Amino acid sequence: MNLETNNKNQEKGIMLVIPNPCGNIKETKMKNSGIEWIGEIPDDWEVKPVKRYFSHVKRIVGDDVDKYERLSLTMQGVLKRSKDDAEGLQPEKFNGYQILKQNELVFKLIDLENVNTSRVGISPFNGLVSPAYIILTNNKKDNTFYYYWFLNMYYQEIFNKLGDGGVRSALNASDVLSLPMVYLNNETQQRIATYLDKKCSKIEETIQNQQQVIEKLKAYKQSLITEAVTGKVKIANSKICGEYENYKDSKLKWLGDFKIPEKWNSIQIKSCVSIPVVDGPHESPELFDNGIPYISATAIENSKIDFSLKRGFISEKYCDECDKRYKPMKDDILMIKLGATTGQVAIVETDERFNIWVPLAAIRCKKNIALPKFVFYSFQSDYCLKQMEMSWTFGTQQTLGVSSIERLKIFLPNIETQKEIANYLDKKCTAIDTAIEQKQKLIVKLTEYKKSLIYECVTGKKAI
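Residues numbered from 1 in each chain as written. Predicted model: local features only at pLDDT ≥ 70, side-chain atom pairs only at ≥ 80, totals over all residues. Heavy atoms only, no water.

Trainee: Help me understand the sheet that holds strand β24 (residues 312-314), please; the structure alone is not making it clear to me.
Mentor: Sheets are built from strands that pair by backbone hydrogen bonding, the pairs being arranged parallel or antiparallel. In spatial order, the strands read β24-β21-β27; together these three strands make up an open sheet with mixed pairing. On the outer flanks of this sheet lie β24 and β27 (355-356), each paired with one strand and no other. Here two bridges tie strand β21 (residues 292-295) to β27, and the two strands are oriented parallel to one another. Across the sheet, the residue bridging to Tyr294 is Asn355, located in β27. Contacting β21, β24 and β27, helix α5 (residues 316-325) runs over the sheet at an angle of about 55° to β21. (Pairing = 2+ DSSP bridges. Helix = DSSP H or I, 4+ residues; strand = E, 2+ residues; numbered from the N terminus. Contact = heavy atoms within 4.5 Å. Axes fitted to C-alpha atoms, helices over the stretch in contact; angles between N-to-C directions.)

Printed below as a string of structure tokens:
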């Protein structure tokens, strides 16, 4: 929608010439809200504390627990969740849960250091939620506009930034009721909410479609890798040229009747490495603003090392000590051995000095037996991932020990065949990764557009 700025600065703000929904031209005078993250708002809007329009309520369900379904606040909104779902924290009983009613706003304002978790929702159901959640209620029939208002705050990380001198670990109901909120007439609220519902649903649908394409591309990539590194297809001159003439049993019982090319061998990782598999130091070092990069599992992204996601920098003196345990070299394979991304790998492509922390293990191949790139791809195949899952141990998180990594079996052809397969997969996987990256960039743009659209609408900068 075109906005025409009036050149005359007004005492209370800027004059905008905005076409209204009926086709007539009307002037909307803007004023300073007095709050930096809100900016200017229409002259007939007001900023007041949340407590003027909402009250906090906490209704513990008690003996009526069986009358309600369990609800959960997620990145996709308030969703129904089975009481038998044991994922995450699970109470023994739900009697201490609180009742959330349809059209009420619900907030999860704990662990505010985490900017990538759900914070706000509007409930389409009656049900039970965690007693740690904050519920706001009023007598309005539809609080969708104010849901978008708080969603805008979430997108701007306002909740996370509140507090004295920086981030607080949590906000309570009193904090939320003291937050600023715009007041405008119900008709305008409803018009904006309806517009955003329509626009945001289209954006989310497009994002979901792109995500589905990404998942299909990832599945295709893994299938391509698995076929190549298990000899299901023969690779020559960087292309598939049929199958091998003869196959034999893989002798891996858990794979069932799984065959590999007759001249290939099944070999444990410990038999094809030049040094024992080793993980990073188990203690937490002092980190600095500069020095030598120190990476952990978070730096392994899309099968590459992203040094911008390092833990921080360590001193030369500490790195010298780390080097006595393990000194990274080009073509080493790094594998995540702790946490939700256990099993993911990256290959070292730099000669620059760095070191690793305990969630990472390093595999250095004997290049006359196993090419690093071939082993790198083998670790991403279905049969290797399955072995890893079978070897995991569980405590507070899934763990793959260095001895378990050494016992992993891979299928190895001769070096020339390994080279053919690695080159073929380099070419194919690069093309797939490029397509995935393009889809991911589109998702980022759509997400940013959605955030911007919500901000402009709920602060009156975009006329609806």
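Trainee: So what exactly am I meant to see when it comes to the nonpolar core here?
Mentor: For soluble globular proteins, nonpolar side chains are generally found buried alongside one another. Residues Phe150 and Phe379 are the most contacted members of the largest nonpolar core, which totals 94 residues. Once you skip the residues sitting within four places of it in the chain, Phe150 turns out to touch Val50, Leu105, Phe107, Val120, Leu136, Phe159, Leu179 and Met181. One finds Val278, Ile295, Ala299 and Ala362 within the second-largest nonpolar core, a separate group that totals 15 residues. (Core = buried A, V, L, I, M, F, W, Y, C linked by side-chain atoms within 4.5 Å. Buried < 20%, exposed > 50% of the residue type's maximum accessible area, 1.4 Å probe, protein only.)

Trainee: In this structure, what is going on with the side chain of Thr144? I would like to understand it.
Mentor: Along the chain, the position of Thr144 falls in helix α1 (residues 144-155). Relative accessible area serves as the criterion here: at 13%, Thr144 is assigned to the buried category. Among residues more than four places away in sequence, those in contact with Thr144 are Ile122, Ala193 and Asp197.

Trainee: Hey, could you run me through the confidence of the model for the protein chain in this one?
Mentor: Per-residue confidence for the protein chain averages 91 on the pLDDT scale, and 92% of its residues sit at or above 70. Long-range and interchain partners of residues 1-25, a stretch whose pLDDT sits below 50, account for 48 contacts in this model, where long-range means more than four residues apart. (pLDDT = per-residue confidence, 0-100.)

Trainee: Teacher, can you tell me more about α5 here?
Mentor: Buried within α5 are the following residues: Tyr318, Cys319, Cys322 and Asp323. Viewed end-on, α5 has its buried residues packed into an arc of 145°, placing them on one side of the element. Looking at α5, the residues exposed on the side facing more than 90 degrees away from the buried face are Lys317 and Lys324. If you follow the buried residues of α5, they end up packed against β21, β24 and β27. (Arc of directions from axis to C-beta.)

Trainee: Looking at this structure, how should I read the side chain of Thr137?
Mentor: As for its position among the elements, Thr137 is in strand β13 (residues 134-137). Classification of Thr137 by relative accessible area gives buried; the value is 17%. Those residues in contact with Thr137 that lie beyond four places of it in its chain are Tyr53, Phe54, Ser55, Val57 and Glu104.

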